[in-house]
Amino acid sequence: MKTLSLALLTIAFTFGATLAQGEGATDETRMTLRAELVRMINHDRAKFGLGPVQLDTQASAIADAYCQTQIRNGTTGHFTTDGEAPYMRYSFAGGNDGVSENAAAWSANYNFSDRALYDMMRRSEAAMMSEVAPHDGHRKTILDPAATHVGIGLAWGRGEFRLTQEFIRRYVEWTRPLPRTASAAQPVLCSGRAVPGFVVEAITVHHESLPQPMAAVTANAIMTYGLPDRRRQYLPRLRGNFTQQISGGIREVRETYSDGSRGDFQVAPDGKFTFAVPLPDGPGIYTVVVWVRPHGSSGDAIPASNVSIKVERTAGTPISGTR
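Residues numbered from 1 in each chain as written. Predicted model: local features only at pLDDT ≥ 70, side-chain atom pairs only at ≥ 80, totals over all residues. Heavy atoms only, no water.

### Considerations on the overall build of the protein
Inference 1: In terms of helices and strands, the protein carries 6 helices and 18 strands.
Inference 2: Across the 323 residues that make up the protein, the buried fraction comes to 50%.
Inference 3: Relative to all contacts within the protein whose residues are 6 or more apart in sequence, the contacts with residues 24 or more apart total 75%.
Inference 4: When the accessible surface of the protein is summed, it comes to about 15,100 Å², and 53% of that surface belongs to carbon and sulfur atoms. (Helix = DSSP H or I, 4+ residues; strand = E, 2+ residues; numbered from the N terminus. Buried < 20%, exposed > 50% of the residue type's maximum accessible area, 1.4 Å probe, protein only. Contact = heavy atoms within 4.5 Å. Areas by Shrake-Rupley, 256 points an atom, 1.4 Å probe, with all protein chains shown as cover.)

### Side note on the confidence of the model for the protein
Inference 1: Chain-level statistics for the protein give a pLDDT mean of 88 and a share of 85% at 70 or above.
Inference 2: Predicted confidence for residues 9–22 stays below pLDDT 50, and this span has 89 contacts to residues more than four positions away or in other chains.
Inference 3: Note on residues 315–323: pLDDT is under 50 here. Beyond four places in sequence and across chains, it has 30 contacts. (pLDDT = per-residue confidence, 0-100.)

### Some details on the nonpolar core
Inference 1: In this structure, Leu-178, Phe-273, Phe-275 and Val-292 are the most contacted members of the largest nonpolar core, which totals 29 residues.
Inference 2: At the level of elements, β7 (172–176), β9 (189–194), β10 (198–208), β15 (272–276), β16 (284–294) and β18 (307–312) are the ones that each hand at least two residues to this core.
Inference 3: If you tally residues by element for this core, the top one is β16, at 4 residues.
Inference 4: One finds Leu-33, Leu-37, Val-53 and Val-150 within the second-largest nonpolar core, a separate group that totals 25 residues. (Core = buried A, V, L, I, M, F, W, Y, C linked by side-chain atoms within 4.5 Å.)

### Topic: empty space enclosed by the protein
Inference 1: Taken as a whole and assessed by the stated rule, the structure comprises 1 cavity of 30 Å³ or more.
Inference 2: The calculated volume of the largest cavity comes to roughly 50 Å³.
Inference 3: Taken together, Ala-59, Ile-62, Ala-63, Tyr-66, Pro-86, Arg-89, Tyr-90, Glu-101 and Glu-166 form the lining of the largest cavity.
Inference 4: Secondary structure elements with two or more residues in the lining of the largest cavity: α2 (57–73) and α3 (86–92). (1 Å grid on protein atoms, 1.4 Å probe; cavity = no way out; pocket = protein on both sides within 12 Å on 5 of 7 lines; lining within 4 Å. Points joined across faces, edges and corners; volume = space filled by probe spheres on them.)

### Concerning the packing of aromatic side chains
Inference 1: All chains considered together, the criterion is met by 6 aromatic pairs.
Inference 2: For the pair Trp-174 and Phe-273, a centre-to-centre distance of 5.9 Å together with 80° between the ring planes defines the contact as edge-to-face. A residue pair is termed long-range when its members are at least 10 positions apart, and Trp-174 in strand β7 and Phe-273 in strand β15 qualify at 99 residues.
Inference 3: According to the relative accessible area criterion, Phe-273 is buried, its value standing at 0%. (Phe/Tyr/Trp six-rings, centres within 6.5 Å; stacked < 30°, edge-to-face > 60°.)

### Brief notes about the sheet that holds β15
Inference 1: Read across the sheet, 4 strands follow the order β7-β9-β15-β14 without closing on themselves; strand pairing throughout is antiparallel. In this open sheet, the two edge strands, each paired with only one partner strand, are β7 and β14 (266–267).
Inference 2: Alignment of β14 against β15, held across 2 bridges, turns out to be antiparallel. When the sheet's bridge partners are listed, Val-267 is paired in β15 with Phe-273. (Pairing = 2+ DSSP bridges.)

### Comments concerning α2
Inference 1: If you check α2, its first and last C-alpha atoms are 24 Å apart, about what 17 residues at 1.5 Å a residue would give, namely 24 Å.
Inference 2: Every buried residue of α2 is accounted for by Gln-58, Ala-59, Ser-60, Ile-62, Ala-63, Asp-64, Tyr-66, Cys-67, Gln-70 and Ile-71.
Inference 3: Two to three positions downstream of the cap, the backbone nitrogen of Gln-58 sits 3.1 Å from a side-chain oxygen, assigning the N-cap of α2 to Asp-56.
Inference 4: Positive backbone phi, at 70°, marks Gly-74, one or two positions downstream of α2. (Expected span 1.5 Å × (residues − 1). Polar contact = N/O pair within 3.5 Å; in protein donor to acceptor, adjacent residues only side chain to side chain.)

### A short note on helix α4 (residues 114–129)
Because an α-helix completes one turn every 3.6 residues, residues spaced three or four positions apart along the sequence face the same direction.
Inference 1: With 16 residues, α4 extends 23 Å between its outermost C-alpha atoms, agreeing within 8% with the 22 Å of an ideal straight helix rising 1.5 Å per residue.
Inference 2: Turning to α4, its buried residues are Leu-117, Met-120, Met-121, Ser-124, Glu-125, Met-128 and Met-129.

### Structural notes on the pattern of salt bridges
Inference 1: Going through the model one piece at a time under the given rule, you end up with 17 salt bridges.
Inference 2: Two residues, Arg-39 and Glu-36, come together in a salt bridge whose shortest N-O distance is 2.7 Å. With Arg-39 and Glu-36 both in helix α1 (residues 23–46) and 3 residues apart, the pair spans about one turn of that helix.
Inference 3: Arg-39 gets classed as partly exposed once you look at its relative accessible area, which sits at 45%.
Inference 4: Here Arg-169 makes a salt bridge to Asp-144, at a shortest N to O gap of 3.6 Å. Note that Arg-169 is positioned in strand β6 (residues 160–169) and Asp-144 in the loop between α5 (137–142) and β5 (149–157), a separation of 25 residues in sequence.
Inference 5: Under the relative-accessibility criterion, Arg-169 is labelled buried at 6%.
Inference 6: A residue is classified by how much of its surface remains accessible, and Asp-144, at 16% relative accessible area, is buried.
Inference 7: Each of Asp-27, Arg-30, Arg-34 and Asp-64 takes part in salt bridges that share partners, so that together they form one network. (Salt bridge = Lys/Arg side-chain N within 4 Å of Asp/Glu carboxyl O.)

### Some details on the environment of Asn-42
Inference 1: Residue placement: Asn-42 occurs in helix α1.
Inference 2: Considering only alpha carbons, one finds Asn-42 and Leu-143, 101 residues apart in sequence, at a separation of 9.4 Å.

Listed below in structure tokens is the structure:
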């Protein structure tokens, strides 16, 4: 008797199967499925007036490796046995942008044809889009108006199939990417600029403990993920003073933020920013989020990076992100 099961997670998903074909045919199947899922995603986004996302090859390669690791470790969802969150995984593999992940998993006791793989992928996308608030994390991720790209991860074998969607927010052009390892005493510097039409509004640095290995059953029980609440906020340095008309004349006003501060990092007139990442909380993972906003907009700021830095007590070898 054939059986088939689907596991859904909040902001995540899972697939399953083995396929008796060579590597060339497997790669062709993967490319075809990937292109078709991007088409489905953009069709769903268009129904809500949202622009299309482009396929991101780097994020797809990172996601493929993760899906393969999940099958090898017998895990589903956003975590595997190394304990790394999705933003850490993307960052440590060289990603420099903001990322949000959906994941899905099917399991079965029979082999899947290409048509069956396509059908499960289609049903997974449909299930995500049919979610209703407040349990609509996958749907919100697909319909993120700030998403610009998507990576599609696919892997199958040993009666399992894994699929992830890595939605990317690409709004920062890095001229000096952040390292991925550092020591607490080591300066951590970066520079870049927002893409045309956007400005850097703030930078937040989130701190959490170093990830710990976990059993597969523990990883599978984690239904959601997110950046830690423990964070420090840094604002662009204000450029100077301004004059104000008052009764009887003009006075010079010292420009400050509402808390009286003058700001924390430099943003040049051409939009280029430089930032030295403080590491005041000791060893752990520091995740740097650059927030951008469209020129003249009063809407929500966009988290345009999730760059994680592993800080240990001893100095490591810095590894810059690549694209």
